[in-house]
Amino acid sequence: MARKTIIAGNWKMNLLPAEGEELVAELKEQLQIRENLEVVICPQMALVPMALDWIYDSVIQLGAQNCAEKLSGALTGETSAELLKVLGCRYCLVGHSERRSLFNETDDMVGRKSQVLLNMGLTPIVCIGESLAQREAGDHFKTIDTQIAAVFSQLDQTDWTRLVFAYEPVWAIGTGKTATPEQAVEIHRFIRSKIKEFAGDVVANATSILYGGSANAVNAADLLGESEIDGLLVGGASLKAEDFSQIIASF
Ligand code: PEP
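Quick notes on the rules
- Residues numbered from 1 in each chain as written.
- Predicted model: local features only at pLDDT ≥ 70, side-chain atom pairs only at ≥ 80, totals over all residues.
- Heavy atoms only, no water.
- Core = buried A, V, L, I, M, F, W, Y, C linked by side-chain atoms within 4.5 Å.
- Buried < 20%, exposed > 50% of the residue type's maximum accessible area, 1.4 Å probe, protein only.
- Helix = DSSP H or I, 4+ residues; strand = E, 2+ residues; numbered from the N terminus.
- Contact = heavy atoms within 4.5 Å.
- Pairing = 2+ DSSP bridges.
- Right-handed = clockwise from strand over helix to strand, strands pointing away.
- Phe/Tyr/Trp six-rings, centres within 6.5 Å; stacked < 30°, edge-to-face > 60°.
- Lys NZ or Arg CZ within 6 Å of the ring centre and 35° of its normal.
- Disulfide = S-S within 2.5 Å.
- Arc of directions from axis to C-beta.
- 1 Å grid on protein atoms, 1.4 Å probe; cavity = no way out; pocket = protein on both sides within 12 Å on 5 of 7 lines; lining within 4 Å.
- Points joined across faces, edges and corners; volume = space filled by probe spheres on them.
- Nonpolar A, V, L, I, M, F, W, Y, C, P; charged D, E, K, R; others polar.

## A word on the nonpolar core
Working step 1: Counting 67 residues, the largest nonpolar core has Ile41, Phe165, Ile191, Tyr211 and Leu232 as its most contacted members.
Working step 2: No other element matches the 6 residues that helix α8 (residues 181-199) contributes to this core.
Working step 3: In this structure, Phe165 is in contact with Val126, Ile128, Ile148, Phe152, Ile191, Ile195, Thr207, Ser208, Ile209 and Leu210, ignoring residues within four places of it in sequence.
Working step 4: Counting residues in each nonpolar core, the second largest holds 12 residues, with Val40, Ile125, Ala166 and Leu233 among its members.

Okay, here's the thing in structure tokens:
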């Protein structure tokens, strides 16, 4: 079975309601429906309920940018996976490098958040990737290996089939410095080989692995042209309808 291609926009902490609504309206006009393609927007939390209305009657799916690692309770300021589900989210980013570096999110937390999401029927998009220092030290494979192992070791085996990974080299996020398709493919193959070790061939071959890091309307076609790259996680370029639509049309 062909893997699903997912093009997800991570809006980060950007856009006010009127701007988000306009962006989605423009996207809906320009979007061409393609078989096996999933388009996802991940607005900041307070926009999520509004975004559910904006995407109405379109193929666009809703994702969140983060969730709590527990189901409910005294966790002021956090958002539960259960609420995300009720609000219509199908996806949630987990372990984005900004969460890891600015909010001290550990590999174990990423694993626990993924399990909570899976329990609620949401798909975690698990973000993994090395820093510039790790790449320069030749530690990128080791870093990614550890990140993947932490997730699989926390999850129920029955949920292994329901993960999506996003390879996001930290040095490429928001920097304008994209990984070359060759660099991305090398790591995607490595990620798939690690999934294979944990979950076997069938799961590894069915798992979508996205690339993220300064993907844009110019480089999207080359990245998506690689059979190992099953979609894109797009930050900055997802904030402009024309750019994001062009990225989607590159598939
Ligand atoms: C991201 O934040 O996930 C991302 C890929 O950002 P950008 O596309 O802006 O590099």
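## Quick word on the pairing of strand β2 (residues 37-42)
Working step 1: For β2, the buried fraction is high: 6 of the 6 residues fall into the buried class.
Working step 2: Side chains of β2 alternate between two faces, with Leu37, Val39 and Ile41 and Glu38, Val40 and Cys42 buried alike.
Working step 3: With 6 bridges connecting them, strand β1 (residues 5-10) and β2 associate as parallel partners. Counted as the bridge partner of Gly9 is Ile41 from β2.
Working step 4: Between the parallel pair β1 and β2, the chain is carried across by helix α1 (residues 17-30), and the sense of this crossover is right-handed.
Working step 5: Here β2 pairs with strand β3 (residues 60-64) via 3 bridges, running parallel. Among the inter-strand pairings, Val39 is bridged to a residue of β3, identified as Ile60.
Working step 6: Taken together, β2, helix α2 (residues 48-54) and β3 form a β-α-β motif whose crossover is right-handed.

## Some points on the pairing of strand β4 (residues 91-94)
Regular strands have side chains that alternate between both faces of the sheet.
Working step 1: Judged by which residues are buried, β4 turns out to be covered on both faces: Tyr91 and Leu93 on one side and Cys92 and Val94 on the other are all buried.
Working step 2: Note: β3 against β4, 2 bridges, orientation parallel. Looking across to β4, one finds that Gly63 is bridged to Tyr91.
Working step 3: Between the parallel elements β3 and β4, the chain passes through helix α3 (residues 81-86) in a crossover that is right-handed.
Working step 4: Sheet topology places β4 next to strand β5 (residues 123-128); 4 bridges connect them, and they run parallel. Bridging from a neighbouring strand, Cys92 pairs with Pro124 of β5.

## Some words on the packing of aromatic side chains
Working step 1: Applying the stated criterion across every chain yields a total of 6 aromatic pairs.
Working step 2: Cluster of aromatic residues (ring-pair linked, three or more members): Phe152, Trp160, Phe165 and Phe198.
Working step 3: Sitting above the plane of the Phe103 ring, Arg99 keeps its charged end 4.1 Å from the centroid.

## Here's the deal with the state of the cysteines
Working step 1: If you walk through the whole model with that rule in mind, you get 0 disulfides.
Working step 2: Cys92 takes part in no disulfide bond, and the closest cysteine sulfur, belonging to Cys67, lies 4.5 Å away.
Working step 3: Cys92 gets classed as buried once you look at its relative accessible area, which sits at 0%.
Working step 4: Among the cysteines around Cys127, which has no disulfide bond, Cys42 carries the closest sulfur, lying 8.9 Å off.

## A look at helix α11 (residues 241-249)
Working step 1: Turning to α11, its buried residues number three or more, namely Ala241, Phe244, Ser245, Ile247 and Ile248. Buried residues of α11, viewed axially, fall in a sector of 155°; they line one side.
Working step 2: On its buried face, α11 sits against β1, α1, β2, α10 (220-224) and β8 (231-234).

## Quick word on the layout of surface pockets
Working step 1: The space that makes up the largest pocket amounts to roughly 510 Å³.
Working step 2: Met13, Gln65, Asn66, Arg99 and Phe103 are, among the 20 residues lining the largest pocket, the residues nearest its centre.
Working step 3: Broken down by element, the lining of the largest pocket gets its largest block of residues, 3 residues, from helix α4 (residues 97-102).
Working step 4: Taken as a whole, the second largest pocket spans an internal volume of roughly 300 Å³.
Working step 5: Lining the second largest pocket are 16 residues, and of these Lys4, Thr161, Val164, Ala206 and Ser208 lie nearest its centre.
Working step 6: Across the lining of the second largest pocket, the residue classes break down as 7 nonpolar, 6 polar and 3 charged.

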